[in-house]
Structure formats: structure tokens, C-alpha cells
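So you can see what is in the structure, the chains are spelled out below.
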Amino acid sequence: MELNEMEKRMLYQTEGSGRYAILHELLMASRYAKDPDRKSAADSLMEKLRPLSDVECMEIVNDIRRHYRLPKEGRTIGELIAEARQKSGAEQLKGHDIMALERFDPEVRHMVVFEVLSGDSFVGDKGDRMRLFLKDAGYRKFQDRQKNGEIKIQEHLKVAPDGYLYHDHSNDRDYTR
């Protein structure tokens, strides 16, 4: 698939972990772009990605994320963040982004990073690593699902009402069992 420079830059900045999320980000970029060239590039890119399967779309996106290099001049904050993500080599988790709005819901108290172990899981596919922000009831369900062998919680952080993440040392548990 042929992509122009603006389309590559836009894909490089996306954070979604699936075709639907990528298309949604591009739709928002198109809708709120003040620059007509940026709007046109987002529209063109959506037209190119819509007919692809999720796997085909993410192969293109992941290739851009790994290999694309920004020109030195005129970098936006989004591009700088994408570049830092690329340089860190950090794995992109499925589920909620680290700055997802769910994190700032006053009822959300837990962030979990987990691996899906079961092929018939309620969320994700077997082998997926995911991050979710959960309320207390949701977290209890995740603990039950871990006991049933559906998932393996790899990391658990408490979420303060302002969205701040912290380890709860008053209740030291090994979440990687």
C-alpha cells in the first residue's frame, strides 16, 4: 500500500491497538483538523484502511511504528510522544491506553495488566496482553477469572480519585502467581 508522507506521520502517531481504534483516531483527526491538508490525509488514509482486515491493518500500522522516522523539523507533541514510545521499545498493550478517560472516573480504583490464557476468554484473544481500569466489582471478577485460569494478572496498581497510580503496600500480594 502506498502512503504519502503526511499519512505515514498520522499513522505513526496513532495509539490504537486494533483497526477500529485506528480508524476512530483518524476520524477524530479529520473531524477536528484545522489544516485542510491534514484533514485530507486523514480521509485518504481511512479510505485505504477500511477495506483491510484487522490483521492487515495492524501489520501496516506496526510497520510504520517500528520503521518510520520523523523529519527533524516541525515536530508536534503527538509526534514527540510517538517517537519516545518507538525508542522505548515498550510493548503496546491492548485495552485501555495509559491515559484513557476510564482512569479518571472517580469510581475506578484499579489498573490491571494481564495476559489472556484462555481461548474462550470474555475479553481479548489467547496470548493478548491487556491493560484495563476497573471499579471494585470489576476487579473482584478479574480475581475470580484468574483463579479459574482464564487470565493471569501481571500487574495491579491502585487508582486514586484524581487518576494517580500507586502501589498499595498495605495489602502486599503477589499478582504474578
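Each remark here, short or long, concerns the structure printed above.
A. Inspection of the overall build of the protein chain at higher detail. From N to C terminus, the protein chain includes 6 helices and 5 strands. Across the 177 residues in the protein chain, those meeting the buried criterion constitute 37%. In the protein chain, of all internal contacts separated by at least 6 residues, the share reaching a separation of at least 24 is 64%. Summing over all exposed atoms, the protein chain offers an accessible surface of approximately 10700 Å²; the carbon and sulfur share of this is 51%.

B. Expanded view of the pattern of salt bridges. Scanning all chains against the criterion turns up 6 salt bridges. Note that R145 is salt-bridged to E150, the shortest N-O span being 3.3 Å. Residue classification places R145 among the partly exposed positions, given a relative accessible area of 25%. On the basis of relative accessible area, E150 is assigned to the buried category, the value being 17%.

C. Inspection of a nonpolar patch on the surface at higher detail. A contiguous nonpolar patch, built from I98, M99 and F104 and spanning about 270 Å² of accessible area, is present on the exposed surface. Topologically, M99 is positioned in the loop between β1 (94-95) and β2 (110-116). For M99, a relative accessible area of 52% puts it in the exposed group.

D. Layout of the environment of K152. Turning to its location among the elements, K152 is positioned in strand β4 (residues 151-159). For the pair formed by K152 and R129, sequence separation is 23 residues and the distance between their alpha carbons is 9.5 Å.

E. Quick peek at the pairing of strand β3 (residues 129-134). Among the 6 residues that make up β3, 5 are buried, leaving the element largely enclosed by the rest of the structure. Bridge count between β1 and β3: 2 bridges; the pairing is parallel. Note that in β3 the partner of K94 across the bridge is M130. Two strands pair when backbone bridges link them, and β2 and β3 are joined in this way by 6 bridges, in the antiparallel orientation. Bridge pairing in β3 links M111 to F133.

F. A look at the nonpolar core. With 20 residues, the main nonpolar core has M10, L11, I22, L26, L45 and L49 as its most contacted residues. Sorting the residues of this core by element identifies α1 (5-13), α2 (19-32), α3 (36-49) and α4 (54-67) as the ones contributing at least two each. Ranked by residue count, the leading element in this core is α3, at 5 residues. In this structure, L26 is in contact with M10, A42, L45, M46 and L49, ignoring residues within four places of it in sequence.

G. How the structure looks around the pairing of β4. With 7 bridges joining them, β2 and β4 adopt antiparallel strand pairing. Paired with F114 across the two strands is I153, which belongs to β4. Both β4 and strand β5 (residues 165-166) contribute to a ladder of 2 bridges, which runs antiparallel. Note that in β5 the partner of K158 across the bridge is Y166.

Quick notes on the rules
Residues numbered from 1 in each chain as written. Predicted model: local features only at pLDDT ≥ 70, side-chain atom pairs only at ≥ 80, totals over all residues. Heavy atoms only, no water. Helix = DSSP H or I, 4+ residues; strand = E, 2+ residues; numbered from the N terminus. Buried < 20%, exposed > 50% of the residue type's maximum accessible area, 1.4 Å probe, protein only. Contact = heavy atoms within 4.5 Å. Areas by Shrake-Rupley, 256 points an atom, 1.4 Å probe, with all protein chains shown as cover. Salt bridge = Lys/Arg side-chain N within 4 Å of Asp/Glu carboxyl O. Patch = residues over 30% accessible without salt bridge, like charges linked within 9 Å, V, L, I, M, F, W, Y side chains within 5 Å. Pairing = 2+ DSSP bridges. Core = buried A, V, L, I, M, F, W, Y, C linked by side-chain atoms within 4.5 Å.

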